[in-house]
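Spelled out, the chains give:
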Amino acid sequence: MSITNIESVTYGVEDLETSQRFWSDFGLQQRQDDGSSFEAKDGSAVVLRALGDERLPAAIEPGSTMREVMYGVDTQANLDQLAGKLSDFGTIVANDSGVIRALDPLGFPFALRVSQRRKISAQAPVFNTPGNPDRINTRGQFFKQAQPSELTHVVYMVEDTASIVPFYTDQLGFVISDSYPGRGYFMRGGASHCHHNLFILKVPEKTGFHHVAFELSTIHELFGGGLNM
């Protein structure tokens, strides 16, 4: 059972036009075939829907928020295996055109499909470190705007980590990369190269979405993206 990455996150938003402008300023590229989808270099994407859009899963909290995270799976055989396991566990919601949609034990919607992300590569950054002056008299690249390389992780706030972490490790094959026992758990898909694709954070009397994160090529691109925003 090999989840590789995050394919997309879908938001339900009150102001579609402002949200579209935000993600464009952020550096994601608007897909030509869908005015409400914005993608990183590898094709991982943010999908925007108006709050009343019937395609949205039920909200776990009021207002504009993320409504679904879609994970990629390495093969169709592993996707089918995950579908069977979720069905046996009693959580499967639907299997529609190669996309499996379900809810985790706390009601966070998620989806699975065979990964469609594009393979990309970035030049390894060169740093000066003590005893290793690898970059001398070389200017950092100036970026007017960021263009994120890939979508890497999402974070949920929960009241009880024990009620949700075992679902992702036992049913979906996530691996715990790091943890603050009882307080926070960094988890990655079984075939992921990221430190984590999902972070579960214990917050008293709060269940909801916290943030989504993207990878950039260098710290200089981060500076340029921040200045542009």
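Look a little higher up for the structure.
Residues numbered from 1 in each chain as written. Predicted model: local features only at pLDDT ≥ 70, side-chain atom pairs only at ≥ 80, totals over all residues. Heavy atoms only, no water.

Right, let's talk about the pattern of salt bridges for a bit. One pass over the full model with this rule turns up eight salt bridges. Where E39 meets R31, a salt bridge forms, and the shortest distance between an N and an O atom there is 2.8 Å. Residue E61 pairs with K206 through a salt bridge whose shortest N-O separation is 3.6 Å. With E61 in the loop between β4 (45–50) and β5 (65–73) and K206 in the loop between β14 (198–202) and β15 (208–215), the pair connects residues that are 145 residues apart, well separated along the chain. Under the relative-accessibility criterion, E61 is labelled buried at 13%. Residue classification places K206 among the partly exposed positions, given a relative accessible area of 32%. One network of salt bridges, in which partners are shared, links R31, E39 and R118. (Salt bridge = Lys/Arg side-chain N within 4 Å of Asp/Glu carboxyl O. Helix = DSSP H or I, 4+ residues; strand = E, 2+ residues; numbered from the N terminus. Buried < 20%, exposed > 50% of the residue type's maximum accessible area, 1.4 Å probe, protein only.)

A separate point is unusual backbone geometry. Located in the positive-phi region is N137, a residue other than glycine, with phi close to 55 degrees. With a relative accessible area of 82%, N137 lands in the exposed category. Not every positive phi belongs to a glycine, and E205 is a case in point at roughly 60 degrees. With respect to the helices and strands, the residue E205 is situated in the loop between β14 and β15. A relative accessible area of 74% means that E205 is categorised as exposed.

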